[in-house]
Amino acid sequence: SQKIEQNSEALNIQEGKTATLTCNYTNYSPAYLQWYRQDPGRGPVFLLLIRENEKEKRKERLKVTFDTTLKQSLFHITASQPADSATYLCAPSNDYKLSFGAGTTVTVRA
Amino acid sequence: GAGVSQSPSNKVTEKGKDVELRCDPISGHTALYWYRQSLGQGLEFLIYFQGNSAPDKSGLPSDRFSAERTGGSVSTLTIQRTQQEDSAVYLCASSSGVAGGQETQYFGPGTRLLVL
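Predicted, not measured: the structure shown is a model, and the values here were computed from it.

A. Expanded view of the pairing of strand S6 (residues 56-59) of chain A. Residues and elements named next belong to chain A. The pairing of S6 with strand S7 (residues 62-67) spans four bridges and is antiparallel. Paired with Lys-59 across the bridge in S7 is Leu-62. Linking S6 back to S7 in an antiparallel pair, the connection comprises two residues, with Glu-60 at a positive phi of about 55°.

Next up, the structure:
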């Protein structure tokens with residue numbers, strides 16, 4: 001069955017540093033992969049979508065890579081800020097039925 | 001207006017009771033989704049509505065769960081004879097429905113259900 005794994009540990013980083021989050025998937029080949037941000041007590045908010053034929057995508061301080069050979073996506077937050085503290089969810093999917101990882105919680109210290 | 005709204009925000013019920021959770025999608029969105037998020041778990045797909053098509057119920061965990069969408073807008077998720085393992089956050093999302101599976105889903109704040 002499909003399995004999605006994100007960094008098992010929470011990530012604590014210093015403001016200004018780059019946070020790198022990992023999303024690994026097994027037993028399927030998603031056509032695209034979405035990343036969402038979730039704050040406590042709130043629903044997820046869409047950040048980026050990358051397709052299987054795209055190697056990298058950027059949006060402001062965010063960068064996502066998608067390696068279909070390794071079955072892995074990396075999510076980078078550059079020049080991190082305390083406001084970036086949240087849980088980040090990846091969703092590698094082939095259709096509308098999004099399958100999410102459990103998320104990685106990032107805390108950025110001022 | 002704008003975003004997806006859900007009610008109630010919190011619900012505490014006793015085991016064996018029925019509960020109804022409501023979702024108001026973004027106006028004009030034809031696609032509506034329900035997910036469940038248990039503590040420490042990823043979001044789990046439950047059901048999908050798209051326009052007038054038959055809903056995709058493949059994610060519903062048991063026949064105690066059902067959902068309907070009236071008039072192509074508001075949706076209600078019903079859980080009958082609730083069990084303690086039903087305790088979770090139930091999230092609703094909507095999308096424009098024009099780009100198939102590759103479109104952004106907009107989530108509501110969720111309903112936190114606790115079954116005692």
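Having seen the model, we can carry on.
B. Geometry of the state of the cysteines. The tally for this structure, following the rule as stated, stands at two disulfides over all chains. Between the sulfur atoms of A:Cys23 and its disulfide mate A:Cys90 the distance is 2.0 Å. Taking the sign of the torsion about the S-S bond as the criterion, the disulfide between A:Cys23 and A:Cys90, at about 65°, is right-handed. In this pair, A:Cys23 sits in strand S3 (residues 19-26) while A:Cys90 sits in strand S9 (residues 86-93), placing the two residues 67 residues apart along the sequence. A single burial state applies to A:Cys23 and to A:Cys90, both of which are buried. What pairs with B:Cys23 in a disulfide is B:Cys92, and their sulfur atoms sit 1.8 Å apart. As the torsion about the S-S bond is roughly -65°, the B:Cys23-B:Cys92 disulfide counts as left-handed. Placement of B:Cys23 in strand S3 (residues 19-24) and of B:Cys92 in strand S8 (residues 88-95) is noted, with a sequence separation of 69 residues between them. Among the residues examined, B:Cys23 registers a relative accessible area of 0% and is labelled buried.

C. Quick look at the sheet that holds S7(A). Residue and element names in this part refer to chain A. Strand order in the open sheet formed by five strands is S1-S3-S8-S7-S6, with antiparallel pairing between adjacent strands. In this open sheet, the two edge strands, each paired with only one partner strand, are strand S1 (3-6) and S6. Strand-to-strand twist of the sheet, defined as the mean angle between neighbouring strand axes without regard to direction, takes the value 15°. One ladder, built from six bridges, connects S3 with strand S8 (residues 72-77); its direction is antiparallel. By the bridge assignment, Cys-23 is partnered in S8 with Ser-73.

D. The arrangement of the interface of chain A and chain B in detail. Taken together, the 19 residues of chain A in the interface contact 21 residues of chain B. Approximately 1600 Å² of surface area, both sides summed, lies buried where chain A meets chain B, with 54% of it carried by carbon and sulfur atoms. By the criterion of area lost to chain B, the three top residues of chain A are A:Tyr96, A:Lys97 and A:Phe100, representing 35% of everything that side buries. Our count for the contact surface shared by chain A and chain B stands at seven residue pairs in polar contact (both at pLDDT 80 or more). Within the residue set of the side of chain A that touches chain B, elements represented by two or more residues are strand S4 (32-38) and strand S5 (45-51) of chain A. Element by element, the count of residues in the side of chain A that touches chain B is highest for S4(A), at four residues. When its residues are assigned to classes, the side of chain A that touches chain B shows 10 nonpolar, five polar and four charged.

Conventions adopted
- Residues numbered from 1 in each chain as written.
- Chains lettered and ligands numbered in written order.
- Predicted model: local features only at pLDDT ≥ 70, side-chain atom pairs only at ≥ 80, totals over all residues.
- Heavy atoms only, no water.
- Pairing = 2+ DSSP bridges.
- Helix = DSSP H or I, 4+ residues; strand = E, 2+ residues; numbered from the N terminus.
- Disulfide = S-S within 2.5 Å.
- Buried < 20%, exposed > 50% of the residue type's maximum accessible area, 1.4 Å probe, protein only.
- Axes fitted to C-alpha atoms, helices over the stretch in contact; angles between N-to-C directions.
- Contact = heavy atoms within 4.5 Å.
- Buried area = accessible area lost by both parts, 1.4 Å probe.
- Polar contact = N/O pair within 3.5 Å; in protein donor to acceptor, adjacent residues only side chain to side chain.
- Nonpolar A, V, L, I, M, F, W, Y, C, P; charged D, E, K, R; others polar.

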